[in-house]
Amino acid sequence: MSDAVTEPIASAADPVAIAVRNVSKQFRRYSVRNQSVKAALFRGSRGTYEENWVLDDVSLDIPTGSTFGLIGSNGSGKSTLLKCMARILKPNKGSITVNGRLSALIELGAGFHPELSGRENVYLNGAVLGLRRKEIEQRFDSIVDFAGRQVAQAIDQPIKTYSSGMYVRLGFSIAVNVEPEVLLVDEVLAVGDEEFQRRCYQRFEELSSSGRTVVLVSHALSTVAAMCDHVAWLDGGKLLHVGQPQQVVDAYLTRLDFGRPSVVEVSEGPSVRISDIVIEGAGRRRTSTELGEEVAVVGTGEPVRLRMSYQTDRPTDLPVFAFSVHTLDGTLAANPSTLGVAGPERVEGTGTVELEVPSLMLVPGAYTLGAAIFDASGEHAIDRKLRLVRFEVDGHNPGETRGITALGGRWHGPLFDLP
Amino acid sequence: MSTIAEYVEARELAKALTMRDIRGQYKGSILGWFWSLLNPLTTVAIFTFFFAVLGMQAPVGDPSGLKIFALYLFTGLVPWNFFAASVNGATGSVVAQGSLISKVYFPRGIVVFSKISSVGFTTLMETSVAVILLLIAGNMVLPWLPVVAMLLLLQGCLALGIGLILAVANVYFRDIQYLVGIGLQVLFYSTPVVYQTSLIEAKFGARGLFIYRLNPLVDLIEAYHRVLYDLRWPDFGWMAYVAGWAAALLVIGAVMFNRFEPRLAEEL
Ligand SMILES: Nc1ncnc2c1ncn2[C@@H]1O[C@H](COP(=O)(O)OP(=O)(O)OP(=O)(O)O)[C@@H](O)[C@H]1O
Ligand SMILES: [Mg+2]
C-alpha cells in the first residue's frame, strides 16, 4: 500500500488548533410541531417546544498536532460539539476558532450520490471538502489505494452497490487525503474491518506527527486511551474532565462502574520527559510491509531489552517507570512498571532505564512499544509516549499464533510427533 | 450567515453539485437527453393539436413573418419550463440536500444556486433545439442569441431570488412545495406562453393589459417570443421593470436566507 507521504505543515502554526470558548448549544424539543402552512394557520402557531441545552458552557483548547479524544455516554453532546467545530451547527453562546483547513467525517458518504460511480463521487466529495478538481486529480490514486482493493475494483460502479464498509473506506480515504490541518472524526470507523481500522489509526499517527490535529469521538475506550494524547469527557453537555487519556478514561469507567463521578487530578508541567525508547532483541530487522520502514523483529520466547532515556527539567523524587506494549488494535498486551519493584529515590539530569526480559512471550504479530513515567503514587503520569516504537514478533510454534500471550507449555497425553 | 467571499471560495462545490444533479438526472435512463426534450415536445404537440382542432390562427411574427403555432409555443415554453422547474426545484433543494447540510459545512445557498444552474443546463439544451427548429423554419435567430443569453441570465436571477425565499420557507413548512406547484399552474395560464398578449388587450382593454403586465413573468416570456419568434427587441421599459423585480427578490431572498441559514442544519 503506497500511502501518500503526509507533508509536515510548513508554517509554525498556532499552538491551538481549535479554541472552544464558553460554548452553549440549545435545541428545540418540540412537543407539537406544525410543519405545514395549513396546520400552522389553523392552530395559530408553529408548535410548542421546550428549550434543551445540549452543550453547557464548554471551554477547551485543542493543541495543534495532538490527537484529541472525546468520550461520553450516548446523547452527551459529542456529535453536537463536533458539528459546532465544523460550523455545521451554530452555538447559541460562545465562540469557536479553528486554525487551519478542517475536514470533518461526521457521517460517511456525506454528499455521496448513490447513482454516480465511486470515481465521480470522489470528485464530488473532494469538492465538498473544499478541493479544486486539479487537486483531487493529483490525489486520486492515493485515495483509491488507501481505500483498498475492493473499492479500487468497484471504482467505476455506482456507489449504491457498495457495502457499508466500502462506503466508509472511500469516505475516510478522501477525508484524510485532502490533507486537512484539522480532522474531525465522529465514530465512523467502527464499520470498517480490522485491517482498515489499523491503517486508519496508523494514519492518525502520521497526521499528528506531521503537525496535524485529529479530534476523535469514539466509544472504543481502549483505542482512545492508546491513540490520543488528550481526552475530554463530556457528560450531559458539560465538560467534566480534560487530561491524560488513561486517567480520563479510567475516571469515566469508574463512573460507569460505580455510578459516581471521580476526580481526575492533572499534574503540573512535566518535570521528567522521555527522550527515547528502544527495543533490543537478537538484532534482526525487517522492512515492514505496511510502514515501509525497518522495524525490529523478535522471536517468541527470545530475550529482549527495553530501554528508555529520560531528561529531567528539575529533580524528581521517586519516579515510577513503565513500558506499555500494545497490539495494533489498541489492546494493552503488557504494562510492566517499577512500581513497588525498583526505582531511584530521585532523578536528575539525563539517564536511561532498562528492562531486561528473559523471554518475550508474545504470539507472532506486530506490536507497539510505549513508555511512561509516573509520580510516586504510580497514578499520575508525568510523561507518556504511547505506541512510539513498532516491532514485530515471529515464531516457529504453529500451535501458538492466536491471542496475545504465548504460554510456551508442553503437551502431554496421547500425542504423536509430526515428522 | 455566509459572506460573498465564502461563496466564491465554494464555486467548485457549486460546479460539482450542478454536475451531480445533471448526471444523476440522466443516469439510469438510456434515452437520457432525449427524455428531457420529449417533455416540452409533447406539450407542444398536444397544444398544437388542440389549437388546430379549435381552428385557432397561428400568430404572425412581426417582422419575421413566421406563422407556425408550434414554434410560437416552443419559444414560450422553454423559458416557462426554466422558470417552473427552477422555482419548483429550488423550493425543495434545501430539504432534499438535508443529509449534506447536516454533515458538512458550506454556504448553504449553494444548493439553491446549483439546482437552478442544473435546470439552466436543461434549458440550454432545449434552447438549442428551439434555435435549430427556428433556423429550419427560416428565422435567422443567430444574431439575437446574445439577447437570449441576457434574458436567461435575468430569469435565473429572478428564479434565484424566489428560490432562496421558498427553499427556507419549505424547511419550516413542508407543504410549501405543494403550494408552489399549484401557484405555478395558475401562473402558467396568466402568462403568455400559449396565447398572445394581444388577446388580453382585446378582451380587457388597455387598462386590463397594464394590470396584466404587472406580473413580471408576462414581459419576460413575451421577450422570448419577440426575440426568437418575431425577431425584434423586447420592450425596454418593461424589461427594466422585470429587472427591478429580479433585483428586489434577490436582495430579499439573500437577506432572508442568510438570516435562517445558521439554523438550517438543526431544523432539517
Ligand atoms: N437536530 C436536533 N434537534 C433536536 N435535538 C437534537 C438534535 N441533534 C441532537 N439533539 C439532541 O442533542 C443531544 C446530544 O446529541 P449528540 O448527537 O451530540 O450526542 P452524542 O454525544 O453524539 O451521542 P452518541 O454517543 O449517541 O453519538 C441528544 O439529546 C439529542 O437528542
Ligand atoms: Mg454522536
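All values reported here derive from a predicted model rather than from experimental measurement. (Residues numbered from 1 in each chain as written. Chains lettered and ligands numbered in written order. Predicted model: local features only at pLDDT ≥ 70, side-chain atom pairs only at ≥ 80, totals over all residues. Heavy atoms only, no water.)

A.B. asks: When you look at the overall build of chain A in this model, what are you seeing that I'm missing?
C.D. replies: A count of helices and strands for chain A gives 9 helices and 20 strands. Within chain A, the proportion of its 419 residues that are buried is 47%. When contacts within chain A are restricted to residue pairs at least 6 apart in sequence, those whose partners lie at least 24 apart make up 72%. For chain A, the computed accessible surface area is about 20300 Å², with 50% contributed by carbon and sulfur atoms. (Helix = DSSP H or I, 4+ residues; strand = E, 2+ residues; numbered from the N terminus. Buried < 20%, exposed > 50% of the residue type's maximum accessible area, 1.4 Å probe, protein only. Contact = heavy atoms within 4.5 Å. Areas by Shrake-Rupley, 256 points an atom, 1.4 Å probe, with all protein chains shown as cover.)

A.B. asks: Before we go on, may I ask you to explain the sheet that holds strand β18 (residues 350-357) of chain A in this structure?
C.D. replies: The strands making up a sheet associate through backbone hydrogen bonding, with each pair oriented either parallel or antiparallel. All names here are of chain A. Taken in spatial order, the 3 strands make up an open sheet running β10-β13-β18, and their pairing is antiparallel. The open sheet is flanked by β10 (272-280) and β18, the only strands paired with a single partner. For this sheet, the mean angle separating the axes of adjacent strands, direction not counted, is 20 degrees. Across 8 bridges, strand β13 (residues 304-312) lies against β18 in antiparallel orientation. Residue pairing in the sheet places Ser-309 in a bridge with Thr-352 of β18. (Pairing = 2+ DSSP bridges. Axes fitted to C-alpha atoms, helices over the stretch in contact; angles between N-to-C directions.)

A.B. asks: Can you help me understand unusual backbone geometry in this one?
C.D. replies: Phi is mostly negative for residues that are not glycine, and the peptide bonds are mostly trans. At the junction of Asp62(B) and Pro63(B), the peptide bond is cis and its omega measures out at 15 degrees in the coordinates. In this structure, Pro63(B) sits in the loop between α3 (33-53) and α4 (69-96). Phi is positive for Asn22(A), which is not a glycine, with a value near 45 degrees. Within the secondary structure, Asn22(A) is located in strand β1 (residues 16-33). A positive phi angle, near 55 degrees, is found at Asp57(A), a position not held by glycine.

A.B. asks: When you look at the interface of chain A and chain B in this model, what are you seeing that I'm missing?
C.D. replies: Interface extent is often summarised as the accessible area lost during association of the parts. Each partner contributes to the interface: chain A provides 35 residues, whereas chain B provides 30 residues. Buried area between chain A and chain B, both sides added, is near 2800 Å², and the carbon and sulfur share of it is 56%. Of all residues in chain A, Gln35(A), Ile88(A) and Arg132(A) bury the most surface against chain B, accounting for 20% of the area lost on that side. Linking chain A with chain B are 2 salt bridges, by the criterion used here. With its nearest N and O atoms 2.7 Å apart, the salt bridge here joins Glu266(B) to Lys25(A). For the pair chain A and chain B, the interface holds 5 residue pairs in polar contact (both at pLDDT 80 or more). Looking at the side of chain A that touches chain B, the elements that each hand over two or more residues are β1, α1 (37-43) and α3 (118-128) of chain A. Here the side of chain A that touches chain B takes 6 residues from β1(A), the largest share from any one element. (Buried area = accessible area lost by both parts, 1.4 Å probe. Salt bridge = Lys/Arg side-chain N within 4 Å of Asp/Glu carboxyl O. Polar contact = N/O pair within 3.5 Å; in protein donor to acceptor, adjacent residues only side chain to side chain.)

A.B. asks: Looking at this model, I keep getting lost on the pairing of β13(A). Mind explaining?
C.D. replies: For a regular strand, side-chain orientation follows a simple rule: the groups alternate between the two sheet faces. Two strands pair when backbone bridges link them, and β10(A) and β13(A) are joined in this way by 8 bridges, in the antiparallel orientation. Residue pairing in the sheet places Ile277(A) in a bridge with Met308(A) of β13(A).

A.B. asks: I tried to follow the sheet that holds strand β4 (residues 93-98) of chain A on my own but got confused; where do I start?
C.D. replies: All names here are of chain A. An order of β2-β1-β4 is seen for the 3 strands of this open sheet, with the pairing classed as antiparallel. Each having just a single partner strand, β2 (47-63) and β4 make up the two edges of the open sheet. For this sheet, the mean inter-axis angle between neighbouring strands, taken without regard to orientation, is 30 degrees. As paired elements, β1 and β4 share 5 bridges and run antiparallel to each other. When the bridges of β4 are listed, Arg-21 appears paired with Ser-95. Strands β1, β2 and β4 of the sheet are contacted by helix α2 (residues 78-85), whose axis makes an angle of about 70 degrees with β2.

A.B. asks: Would you explain the site of ligand 1 in this entry?
C.D. replies: Ligand 1 sits among Phe27(A), Val54(A), Ser73(A), Asn74(A), Gly75(A), Ser76(A), Gly77(A), Lys78(A), Ser79(A), Thr80(A), His219(A) and Glu266(B). Mapping the residues near ligand 1 onto chains gives chains A and B. A distance of 2.9 Å is found between an oxygen atom of ligand 1 and a side-chain nitrogen or oxygen belonging to Asn74(A). For ligand 1, whose free accessible area comes to 640 Å², the fraction covered by protein is 63%. Sorting elements by how many residues they give to the shell around ligand 1 places α2(A) first, with 3 residues. (Near = heavy atom within 4 Å.)

A.B. asks: Where do I start with the environment of Phe196(A) in this structure?
C.D. replies: Residue and element names in this part refer to chain A. By the secondary structure assignment, Phe-196 is in helix α7 (residues 194-209). In this structure Phe-196 comes out as buried when scored by relative accessible area, which is 0%. Through-space distance from the C-alpha of Phe-196 to that of Gln-153 is 16 Å; in sequence the pair is 43 residues apart. Beyond its immediate chain neighbours, meaning those up to four positions away, Phe-196 contacts Phe-146, Val-168, Arg-169 and Phe-172.

A.B. asks: Please explain the confidence of the model for chain A as it appears in this structure.
C.D. replies: Residues with a pLDDT of 70 or more make up 89% of chain A, whose mean pLDDT is 82. Considering only residues more than four positions removed or in separate chains, one finds that residues 1-12 of chain A, a stretch of pLDDT under 50, has 21 contacts. (pLDDT = per-residue confidence, 0-100.)

A.B. asks: What am I meant to see in a nonpolar patch on the surface here?
C.D. replies: All names here are of chain B. Taken together, the side chains of Leu-41, Ile-132, Leu-133 and Ile-136 present a nonpolar region at the surface, about 360 Å² in accessible area. In terms of residue count, helix α6 (residues 109-136) provides more of the nonpolar patch than any other element does, 3 residues in total. On the secondary structure map, Leu-133 appears in helix α6. (Patch = residues over 30% accessible without salt bridge, like charges linked within 9 Å, V, L, I, M, F, W, Y side chains within 5 Å.)

A.B. asks: Explain the environment of Val129(B) to me, please; I cannot follow it from the model alone.
C.D. replies: Residues and elements named next belong to chain B. One can find Val-129 in helix α6. A relative accessible area of 21% places Val-129 in the partly exposed class. Separated by 55 residues in sequence, Val-129 and Phe-74 place their C-alpha atoms 9.7 Å apart. Excluding anything up to four places from it in sequence, Val-129 contacts Leu-37 and Phe-74.

A.B. asks: Hey, could you run me through the pattern of salt bridges in this one?
C.D. replies: Any two side chains of opposite charge can pair, given that their charged atoms come close. As enumerated under the stated definition, the model contains 21 salt bridges over all chains in all. When the shortest N-O distance is used, the salt bridge between Asp61(A) and Arg21(A) registers 2.9 Å. Placement of Asp61(A) in strand β2 and of Arg21(A) in strand β1 is noted, with a sequence separation of 40 residues between them. Residue classification places Arg21(A) among the partly exposed residues on the basis of a relative accessible area of 35%. Residues participating in the shared-partner salt-bridge network are Lys25(A), Arg263(B), Glu266(B) and Glu267(B).

A.B. asks: In this structure, what is going on with the nonpolar core? I would like to understand it.
C.D. replies: The nonpolar side chains of a soluble globular protein tend to be buried with one another. Judged by nonpolar contacts, the single largest core of 161 residues is most densely connected at Leu170(A), Phe204(A), Trp80(B) and Val112(B). Examining the composition of this core, we find that 17 residues originate from one element, helix α7 (residues 145-172) of chain B, more than from any other. Once you skip the residues sitting within four places of it in the chain, Leu170(A) turns out to touch Phe112(A), Gly118(A), Val122(A), Ile143(A), Ala147(A), Val151(A), Ile155(A), Ile159(A) and Tyr162(A). With 28 residues, the next largest nonpolar core counts Val272(A), Val325(A), Val363(A) and Ala406(A) among its residues. (Core = buried A, V, L, I, M, F, W, Y, C linked by side-chain atoms within 4.5 Å.)

A.B. asks: Help me understand α6(B) in this model?
C.D. replies: A rise of 1.5 Å per residue sets the reference length of α6(B), with its 28 residues, at 40 Å; its end C-alpha atoms lie 40 Å apart and thus fit the reference within 8%. Downstream of α6(B) by a residue or two, Gly138(B) has a phi angle that is positive, lying close to 95 degrees. (Expected span 1.5 Å × (residues − 1).)

A.B. asks: Sorry if this is basic, but what is going on with the packing of aromatic side chains here?
C.D. replies: Both the distance between ring centres and the angle between the ring planes are used here to describe each pair of aromatic rings. Residue and element names in this part refer to chain B. Applying the stated rule across the entire model yields 23 aromatic pairs over all chains. Where Trp-233 meets Phe-236, the ring centres are 5.7 Å apart and the plane angle is 40 degrees; that geometry is what we call tilted. Among the aromatic residues, those joined into a cluster by ring pairs are Phe-47, Phe-51, Phe-69, Trp-80, Phe-83, Phe-188 and Tyr-189. Its guanidinium or amino end placed over the ring of Phe-260, Arg-259 lies 5.1 Å from that ring's centre, counting from NZ or CZ. (Phe/Tyr/Trp six-rings, centres within 6.5 Å; stacked < 30°, edge-to-face > 60°. Lys NZ or Arg CZ within 6 Å of the ring centre and 35° of its normal.)

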